[in-house]
Amino acid sequence: MLELTAEQQHQLKLPEKQKIVKKALDHFQKELPRIYRKHGHDTLKSRLEEGYTVAVELGISKKKLIFTYMLYSVSAPLLRNVTRMQDHFQKSSNRPDLVAQDLFTLLKFRPGSSNKRT
């Protein structure tokens, strides 16, 4: 059986990363234009790429969860800190995808946030 090095695996995922980052940039531009303008294209792209990299390193495998992780990581720098997040993910006995879903639920309904759309 053929085994790929970490670098080869990374290279195979680059087109996927570029597609999902573009999709996230489009999402911000269309759905969240204030955030898009506030951060600017280059900063936003950089943060989304960092979010993608961390999500993959944490073992999140579902594209929808990776996409959501990227979106949250734009305004939550802690999510772009792979060392801190690995500690959180490793403390759980659940699969990374389940840990990510729990994390998103907590972020969505955190105290003091407005969950109603006006």
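It should be noted that the structure appears before, not after, this text.
Owing to the predicted nature of the structure, the values given are computational and were not obtained by experimental measurement.

Undergrad: Quick one: what's the story with the environment of Leu 48, residue by residue and with numbers?
TA: Looking at the secondary structure, you find Leu 48 in helix α3 (residues 41-58). A C-alpha to C-alpha distance of 9.1 Å links Leu 48 and Ile 20, two positions 28 residues apart in sequence. If we ignore the near neighbours within four places in the chain, the residues touching Leu 48 are Val 21, Ala 24, Leu 25, Phe 28, Met 70, Leu 71 and Val 74.

Undergrad: So what's going on with the packing of α3 against helix α4 (residues 63-75)? Residues and values would help.
TA: Contact pair α3 / α4: the axes reach a minimum separation of 8 Å and the direction vectors enclose 130°. By the angle class used here, α3 and α4 are oblique. Relative to α4, α3 is oriented so that their crossing is right-handed. Between α3, through Leu 44, Arg 47, Leu 48, Gly 51, Tyr 52, Val 54, Ala 55, Val 56 and Leu 58, and α4, the contact on the second element is made entirely by Ile 66, Tyr 69, Met 70, Leu 71, Ser 73 and Val 74.

Undergrad: Give a description of the nonpolar core that names residues and reports values.
TA: The biggest cluster of nonpolar side chains holds 26 residues, and the ones touching the most others in it are Leu 48, Ile 60, Tyr 69, Met 70 and Phe 89. The set of elements that each furnish at least two residues to this core consists of α1 (6-31), α3, α4, α5 (82-91) and α6 (96-108). With residues near it in sequence (within four places) discarded, Met 70 still touches Ile 20, Val 21, Ala 24, Leu 48, Gly 51 and Tyr 52.

Scoring rules and cut-offs
- Residues numbered from 1 in each chain as written.
- Predicted model: local features only at pLDDT ≥ 70, side-chain atom pairs only at ≥ 80, totals over all residues.
- Heavy atoms only, no water.
- Helix = DSSP H or I, 4+ residues; strand = E, 2+ residues; numbered from the N terminus.
- Contact = heavy atoms within 4.5 Å.
- Axes fitted to C-alpha atoms, helices over the stretch in contact; angles between N-to-C directions.
- Parallel < 35°, antiparallel > 145°, perpendicular 65-115°, else oblique.
- Left-handed = near helix turned anticlockwise from the far one by under 90°.
- Core = buried A, V, L, I, M, F, W, Y, C linked by side-chain atoms within 4.5 Å.
- Buried < 20%, exposed > 50% of the residue type's maximum accessible area, 1.4 Å probe, protein only.

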